[in-house]
Each structure stands twice: as structure tokens, then as C-alpha cells.
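# What the coordinates show
The primary structure of each chain is shown beneath.
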Amino acid sequence: MAVSAEHLDRLARGDARADRMFRWSVAAAGFFVLIGLVGAAVTMAWGGREAFATFGFGFLTSDHWDPGNLVFGGLAPIVGTLITAGIALLIAVPVSFGIAIFLTEVAPSWLRNPVGTAIELLAGIPSIIYGMWGLFILVPFLAEHVYPTLSQTVSQWPIIGPWFDGPPIGIGMLTAGIVLSIMIIPFIASVMREVFLTVPNRLKESAYALGSTTFEVVWNIVLPYTRSAVIGGIFLGLGRALGETMAVTFVLGNANRLANLLEPSSSIAATIANEFGEAFADLHRSSLLALGFVLFMVTFVVLSIAKLMLMSLHRREGN
Amino acid sequence: MTPTLLRSTLILGTAGLLAACGPQPAETPAGTTPAPTAGIDVTGAGASFVFPLISQWSSEYAQATGNRVNYQSIGSGGGIAQAKAGTIHFGSTDAPLTPDVLAEARLGQFPSVIGGVVPVVNIEGIAPNQLRLTGPLLAEIYLGRVTTWNDPAIVAINPGLTLPETAIKVVYRSDGSGTTFNFVHYLGQISPAWAETVGPAATSVRWPTGIGGRGNEGVAAYTQQLTGSIGYVELSYALLNNLTTVSLQNATGYWVEPSIASFQAAAASADWANAEDFHLLITNAPGAEAWPIAATNFILVSKVPNDPVRARAALDFFRWAYENGDARAKELGYVPLPEDVVALIKTYWEANFTF
């Protein structure tokens, strides 16, 4: 039976319409992300304008945070956030790298799936469980066995000494950094592992055939091939470390003062979580929103540095 | 329209209509609100100070009347903020609001129960109430000027105890807290150095030293975990978690242990009749047996509530608690209000809560 031309025409028009609606809805989802991002940044900047107007640049450089007398200087939470995230990355990146290489190059095939699943289970543990584990298990262990030695021996070293010169309470920036590193290892490790698996076998086998060791293959073939995705994974982990609230609140100590690694300090997310519920003074609420905006800017700056780094590496390669 | 698009629009549209035609909120008649019928849900939030007691009261109240009272322990600061914002039916705070603040926010305030803020320590070999501290010494510890447990000042007033050389780890409240307010108010009363360094009492202050725990629960947890720590909690938290409490020297010079009797002695000198909106702080009370850091918990209810039925139900909960909750309060380490104060409260309700 022959199909009429009008029938075909109607089908074509219906297809075109469906295609157009699909494109619009997908574009709407994309715009929604942009709108959400810009909206969050603008809301926090607008809410924080009173704090920036009152304290000016001093908001970022003073560590005097006094809710009772309405004087707010956010240096302590900002520095606490940066240092704990820095420690977390310092520990997590090499460990994740090791896990990813182990899972893709070194491990026998029967071991790869169980270890891979174990890593992914770690990612699913709620952060408050990490906080409780940190407070009840890690803190006493560190306070008794690790920190006393650390504060006696390392505090005598020339440059990094003062950073370890504190009472071995167990609660502090170093503990928070360790807990955070355990939390972000699964994210970085799974991204690295996924990406290492995409390296063409031909490249690796050619390198092995020419006599390279496993380390040389990894460092000179696998890593350069997957560079941008690896950096993306690291910044995914960094984003989580910068914003982590509950686990940090348990083991960081909520002390709004500048401190060294062994002393309790504060982070932006922990300060906001602790004080937002009762910040009914306008200036207090505005200062907390301003802190949120600063965190937003820190993440933005860090991501831009990553992008610029990647661009310069690409340019060097001639892309 | 294509058939699938038409079908999905019809389904969504019908679902939307059904949702819109759901049960409407009951309209209250003008004039006095009728007595609450069974099955009303009341929401309150605020001080963690009274959370153990209110949660017990609310389960017994639910069994007795069928109304459910849901109380969230978010700290006095949170209770004040939410009561002002009108998002809860009653707020709870240990830091009373002054009459002008109450008038501006159109809130009424009345006391619920009296408790005490108790310093707790975690020192090896020290039993509850064995360690003695004076008020000024407590202030010096919290100022960070006395840093080890075997400091001469502490040893001098505790001759019979062997105190270790451990560093003192100070624990305070990281959230806005009425417990903090009463504790800091007391320290400011007895230590000029404290008043000068830290300033006037507030639910959140700039602590010179130490680490912050969230809620009475957080301070209790930190004190349990860290050897050599000192914190301050409400007595029921110390009892429930088996924390080591401390004896203090009161205004009259006697050493007192924290207990219902010493809280009652502190509350005996309170002049509620002359306190406008019951704004009264009972720290550093006179009396030979008075506990120096007794504190009253206050309830905030809006004078012009959005939901008069539930606000009336909240008041009914507290009337039930005044009549039936005394035994449970004493069991948990709180001091129930005496009869004459309850009578003053009921007069206050009639004058202020006219919904």
C-alpha cells in the first residue's frame, strides 16, 4: 500500500517539532545550571554587601570575630578552609594516584573489581559518619600516639616548626585535613581510574616493548594523555574538601582564631553552619553570607588557575 | 499535538487539579479560640538546656491528651530567631529577652523550669563533686591564664587531691546558647578581668581559648573524649552522660555541689513578681546553699500568632506541664517552678495572650 505524501509530510513536521522541543528542554537544563550559579553568587554578594560596606577589606584580613559586639573579621575561617583543604589534597592526590595506577596497571584482574567497589563504597559514606569516626577513633589515637611526638620533635625544625608547636589535643587542622583527605580520595581515585583506562593499549604496549618500566609508562604516557581529566578529578575533590561541613565541625574545634596545625580552628562552612540559625542581627547574617561569597570566589579562583594551567600545557604541546 | 504529548498533559493537569483541591486549612472563628481538640501538632524549638525535659514531657502529654509537641534543640539563639520569625509555635531560650525587645517582636515570655549550668571535667582519678573551683578561678581557666590542672591556684583549694600535670582543654558552646549566656553572665559578675576581656554577656561571645562543641550534647561529647578537658553543661546532661561535675564556691562563700536542692536555694531569692515580662537572671544568687550558676528557661509565644489554635495548644502543653510534670522535672535534675510563680504566669497569660 502506498503511503500518501501528506502523511509523510505530517510525520516529518511532527519529527521536526519533537526534535526542536528536545533541543529546547536540553538547552533549558543547561541554562538552568548557569542561572543557578549566577543566582547563588549574586544572592550571596547582595546579602554580604552590608558586611563588606561596614568592614571593607578588613573583613578579609582581620581575625576578630565577635558576634556579641557585632565585629566580624573572617580571616580565621578563610585560612582554616584553605589550610584544611590544602592538607587534604596533599595527602589525597598521591594516594589516589597510587590507587588508580594499582587498579589499572599493577593489580591482578581478580583483585581489581573488589578494590574498585570498596573505593566507591567509601564515597557513599555520609560525611557525618566520617565526623563521628574522626572524633571517636582518630582524635584519641592521634592525641595519644602521634601528636605528642610531632609537637616535640617537628616543632624544633627551622621553617615548618611553628606550625606544629601546639598542645596535642587531637582536635585541629591537621586532623581535619586527614579526615577530609579520606573523604575525597574516592572521588579523585575513581575519576583517575576511569580516565587511565581510556589510554589506548597500543601506546602503552609500544612503550613496554621499547623497554620502559611501569613507572616510566605511567609518568610519560598515561599521565600526559589524561592530564586535563586528572586535573578535573583533583578539583572535584578540592571542591568537596572546601565545602565540607559536618565532618569538619566535629574535628576542627570551632575556635574562631588563627591557629597552627595542631590547634583548633574554624572553617567557612563550619562557621556558617554553627551560627546561621541564630544570626538575627542583620550585620551577623550579612557577614555569614559574605563568608559564603568568599568561599565561592576561592573555588572560582582555584578553578581558573587550573584552567589556565591546562591551557598553557596544551599550548606547549602545540594544540 | 501528538497522542503521547496530549496524554502526558492530561495526566499532569489532572494531578495538578487534584493537588489544588486538597484539604483547606480550618478557618478559626473570630473571638476567643476554642480549647484544643485531640491530635494537634505543635512545633517548638530553642534551648538544648531543657531538651531532655521537654521531650519527656511531650511523650507523656501525647499519651494524656493526644496532642503532639515536637521540640527541636537548636540553641537559645535559634529559638529566639525562629520565635521572632514566627516559624514555630513556641520558642525556648535561657537568655531572657528584655521587655522592649519583646514589645517590638510582639512576643510574650514566661519561665518554664529552672536548671543549673554545671562545669564538668575529665581528669583521671577525680570523682564527681570532688574538685573545687572558685568563680574567679573558673574565669581564669576560661581566659586561658590557668593552663594546667596542677596550677598552684587549683592545688591550693584542693589540698586532698592529686592533680595531674595535664594541660587544661577548655570546651565552650560553638552555637548561640542560653547556657553560654548564663555562664558568661556569671563569669562577668564575679571576674572584672573577664568582663573587660570578653565583654557583656551574650549567647555567642569571643572565647579567648578552647574548642567549641555544638549544643549541650556537643560539649558533653568533647568533655567525654578529651582527657584534661573542662566544659559547662546543664545538670541533666552531666547526669545522663555520667560526667564529673565540680563543686563551686557561691556568693556567700560556701562550697556547694550541683543538685536540685542547691538550684532551689538559688531560685528561692528570685523576685518574680516585680520582673516585667519575667525578665530575671538568677546567677550568683545569695544564700548559704545556693548554686552560683542557676538559670531559668523561658518560653516565647507570639501575642499575635499566625495559627492561634496551635499557639493555644502550646500554652495548654505548659499548663499541663506545670500541673503534672514536676516529678519528671525533678527526676531529670531540674527545679519545677513554685506554685506562686505558676499563678503569676497564668495571670500573665490572661493579660497578654488574648487570642
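Quick notes on the rules
Residues numbered from 1 in each chain as written. Chains lettered and ligands numbered in written order. Predicted model: local features only at pLDDT ≥ 70, side-chain atom pairs only at ≥ 80, totals over all residues. Helix = DSSP H or I, 4+ residues; strand = E, 2+ residues; numbered from the N terminus. Buried ≥ 20, exposed ≤ 12 C-beta atoms within 10 Å, placed from the backbone. Contact = placed C-beta atoms within 7 Å. Axes fitted to C-alpha atoms, helices over the stretch in contact; angles between N-to-C directions. Parallel < 35°, antiparallel > 145°, perpendicular 65-115°, else oblique. Left-handed = near helix turned anticlockwise from the far one by under 90°. Nonpolar A, V, L, I, M, F, W, Y, C, P; charged D, E, K, R; others polar. Pairing = 2+ DSSP bridges. Domains from an automatic or database assignment.

### Overview of the overall build of chain B
- Each helix and strand counted, chain B has 14 helices and 12 strands in total.
- Every one of the 355 residues in chain B was classed for burial, and the buried ones make up 50%.
- Across chain B, every contact between residues at least 6 apart in sequence was considered, and the portion connecting residues at least 24 apart equals 74%.

### Examining the packing of helix α5 (residues 135–143) of chain B against helix α7 (residues 178–190) of chain B
Residues and elements named next belong to chain B.
- Where α5 meets α7, the axes come as close as 9 Å, and the angle between the chain directions of the two elements is 115 degrees. With respect to their mutual orientation, α5 and α7 come out roughly perpendicular. Note that α5 runs across α7; the crossing there is left-handed. Of the residues in α7, those touching α5 at Gly135, Pro136, Leu138, Ala139 and Tyr142 are Tyr186, Leu187 and Ile190.
- Classifying every residue of the contact of α5 with α7 by side-chain character gives seven nonpolar, one polar and no charged.

### Concerning the pairing of strand β12 (residues 294–302) of chain B
Residues and elements named next belong to chain B.
- By the criterion of burial, β12 is predominantly enclosed, with nine of the nine residues buried.
- Burial along β12 is two-sided: Ala294, Thr296, Phe298, Leu300 and Ser302 facing one way and Ala295, Asn297, Ile299 and Val301 facing the other are all buried.
- Here strand β3 (residues 90–93) pairs with β12 via three bridges, running antiparallel. Looking at the pairing, threonine 93 lines up with phenylalanine 298 of β12.
- Of the pairings in the sheet, the one linking strand β4 (residues 107–122) to β12 comprises nine bridges and is antiparallel in character. The residue bridging phenylalanine 110 from the neighbouring strand is isoleucine 299, located in β12.

### Looking at the interface of chain A and chain B
- Contact residues are listed per partner, giving 24 residues for chain A and 26 residues for chain B.
- Put simply, the parts of the chain that give the side of chain A that touches chain B at least two residues each are α6 (127–153) and α12 (268–275) of chain A.
- Among the elements that make up the side of chain A that touches chain B, the one with the highest residue count is α6 of chain A (four residues).
- Classifying every residue of the side of chain A that touches chain B by side-chain character gives 12 nonpolar, nine polar and three charged.

### Overview of the domain arrangement of chain A
Residue and element names in this part refer to chain A.
- Taken as a whole, chain A is organised into domain 1 (5–47) and domain 2 (50–317).
- In this structure, domain 1 and domain 2 have C-alpha centres spaced 36 Å apart.
- Across the boundary between the two partners, domain 1 contributes four residues, which contact five residues of domain 2.
- Here the side of domain 1 that touches domain 2 is composed, by residue class, of three nonpolar, one polar and no charged.

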